[in-house]
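# Observations on the three-dimensional arrangement
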Amino acid sequence: MEHLKKYGGYALITGASAGIGREFARLLAAAGVDCFLVARREARLQELQQELESKHQVRVKYAAVDLAAEDAIAQVQAAAAGDTIGILINNAGFGDGGEFQTRAPERMEEMIRLNCLAPVLLSRAFMPAMIERKRGAMIMVSSALGIAPCPFEAVYGATKAFDLSFGGALWGELEGTGVDVTTICPALTETEFMVSEGFTESQAKQAYRRSDSAELIARITLEGLGKQPFVYAKDSKKMAMARRVMPLPGVTRMVRGFMKRAKTARREAEAAG
Ligand SMILES: NC(=O)c1ccc[n+]([C@@H]2O[C@H](COP(=O)([O-])OP(=O)(O)OC[C@H]3O[C@@H](n4cnc5c(N)ncnc54)[C@H](OP(=O)(O)O)[C@@H]3O)[C@@H](O)[C@H]2O)c1
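Residues numbered from 1 in each chain as written. Predicted model: local features only at pLDDT ≥ 70, side-chain atom pairs only at ≥ 80, totals over all residues. Heavy atoms only, no water.

### Here we look at the overall build of the chain
This is how the line gets drawn: Per the convention used, a helix needs a DSSP run of H or I reaching at least four residues, while a strand needs a run of E reaching at least two, with both numbered from the N terminus. Using a 1.4 Å probe on the protein chains alone, a residue whose accessible area is under 20% of its type maximum counts as buried, one over 50% counts as exposed, and one in between counts as partly exposed. Accessibility throughout is a Shrake-Rupley quantity obtained with a 1.4 Å probe, and a residue counts as covered only by protein chains that appear here.
Secondary structure assignment for the chain yields ten helices and nine strands. For the C-alpha atoms alone, the extent of the chain along its principal axes is close to 50 × 40 × 35 Å. With 273 residues in all, the chain has 51% of them scored as buried. Accessible area of the chain: about 12,900 Å², with a carbon and sulfur share of 53%.

What follows is the structure, given as structure tokens:
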């Protein structure tokens, strides 16, 4: 993926300690791009730094930051002061499925801060320099669940619809400026996502039998960067098609059908403690 080097500087990847973010870092480092890793778990970031530096001739830095915190963006900016950020990957995120009225308000706020506010403010912080240099890139990680309203993941789905709209809008503003923007809509992908949502390891394993790998999602996104404003995983394409051909209430009922099954699994997980 030679084209990734043209942006210069570091690729700043949020949520690099696991899942899709870690695979973005591995692929970028393999392509010769310096990486700046951001997430909360410092030991994981340190481990990945060592892995990437020992396998590839790249520089790797990290900052352990809670991106849902008030001063998160200032912390990231301070850690990256003096570095050129050529690629910004807004990937960190989590979900909290279940009936809306049962979910904790604090968790909703944290989710909106992490999934929506952090990408907006990081983009605002790092994109002006890219525009000035006339080269740079931003990747926005949305979801299949952001394509249509999502009963039983109402807030998460809304954050991902926000990400899809935000990434698409920036692509529209920046087309032709030398700053490339691509938004990815992964469908179910094997990562730590389901366990962080409260499912048990065995439930996650069962669900992930038919899922995409994190490496595949990171790869198709990086391959599409600079060529495609939107990249869809296979099942996301089906969702986008349904959204185009069905009236909104119909597609919402369809999503409700398969989210109901996930809701039942979550109830069982919570009951099991
Ligand atoms: N997996 C799927 O099925 C799927 C499908 C569609 C879209 N997505 C999207 O893909 C993105 C990556 O998720 P994933 O599936 O790779 O999940 P994951 O394996 O759980 O990874 C989530 C990453 O986000 C980081 N993170 C979580 N809370 C954070 C916080 N407060 N501050 C900083 N970093 C934080 C985590 O690191 P720390 O815990 O170390 O902070 C971790 O590196 C998310 O935006 C998600 O919405 C996932």
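### What to know about the packing of helix H3 (residues 72-79) against helix H4 (residues 105-133)
Helix-helix packing is characterised by the crossing angle of the two axes and by the distance between the axes. So the rule is basically this: A fitted line through C-alpha atoms serves as each axis, taken over the contacting stretch for helices, and the angle formed by two N-to-C directions is quoted from 0 to 180°. Note on convention: the crossing is left-handed when the near helix lies turned anticlockwise from the far helix by less than a right angle, right-handed when the turn is clockwise. For this analysis, residues touch if any pair of their heavy atoms sits within 4.5 Å.
Where H3 meets H4, the closest approach of the two axes is 10 Å, and the angle between their N-to-C directions is 35°. Our pair here, H3 against H4, has a crossing hand that is right-handed. Taken together, the residues of H4 that come into contact with H3 (itself represented by Ile-73, Val-76 and Gln-77) are Ala-118, Leu-121, Leu-122, Ala-125 and Phe-126.

### Some remarks on the packing of helix H1 (residues 19-30) against helix H8 (residues 214-224)
Heads up, the rule is: In this scheme, roughly parallel covers angles under 35 degrees and roughly antiparallel covers those over 145, while 65 to 115 is roughly perpendicular and the rest are oblique. Side-chain classes are defined by residue name, with Ala, Val, Leu, Ile, Met, Phe, Trp, Tyr, Cys and Pro counting as nonpolar, Asp, Glu, Lys and Arg as charged, and the others, Gly among them, as polar.
Contact pair H1 / H8: the axes reach a minimum separation of 8 Å and the direction vectors enclose 55°. When the axes of H1 and H8 are compared, the pair comes out oblique. Relative to H8, H1 is oriented so that their crossing is right-handed. From H1, Gly-19, Ile-20, Glu-23, Phe-24, Leu-27 and Leu-28 reach across to H8, where they touch Ala-214, Glu-215, Ile-217, Ala-218, Arg-219, Thr-221 and Leu-222. Among the residues making up the contact of H1 with H8, the classes are represented as eight nonpolar, two polar and three charged.

### Overview of the site of the ligand
Selection criterion: One heavy atom within 4 Å of a molecule or strand is enough for the residue carrying it to be called near that molecule or strand. Here a polar contact is recorded for every N or O atom pair within 3.5 Å, except that within protein the pair must consist of a potential hydrogen donor and a potential acceptor, and residues adjacent in sequence are included only if both atoms are side-chain atoms.
Neighbouring the ligand are 29 residues; Ser-17, Arg-40, Asn-91, Tyr-156 and Thr-191 lie closest to it. The side chain of Arg-40 places a nitrogen or oxygen atom 2.7 Å from an oxygen atom of the ligand. In the environment of the ligand, an oxygen atom lies 2.7 Å from a nitrogen or oxygen atom belonging to the backbone of Asn-91. Taken by itself the ligand offers 880 Å² of open surface, and the protein chains cover 96% of this. Listed by contribution, the elements that provide at least two residues to the shell around the ligand are H1 and helix H5 (154-174). Grouping the constituent residues of the shell around the ligand by class yields 15 nonpolar, nine polar and five charged.

Just geometry here; none of it tells us what the structure is for.
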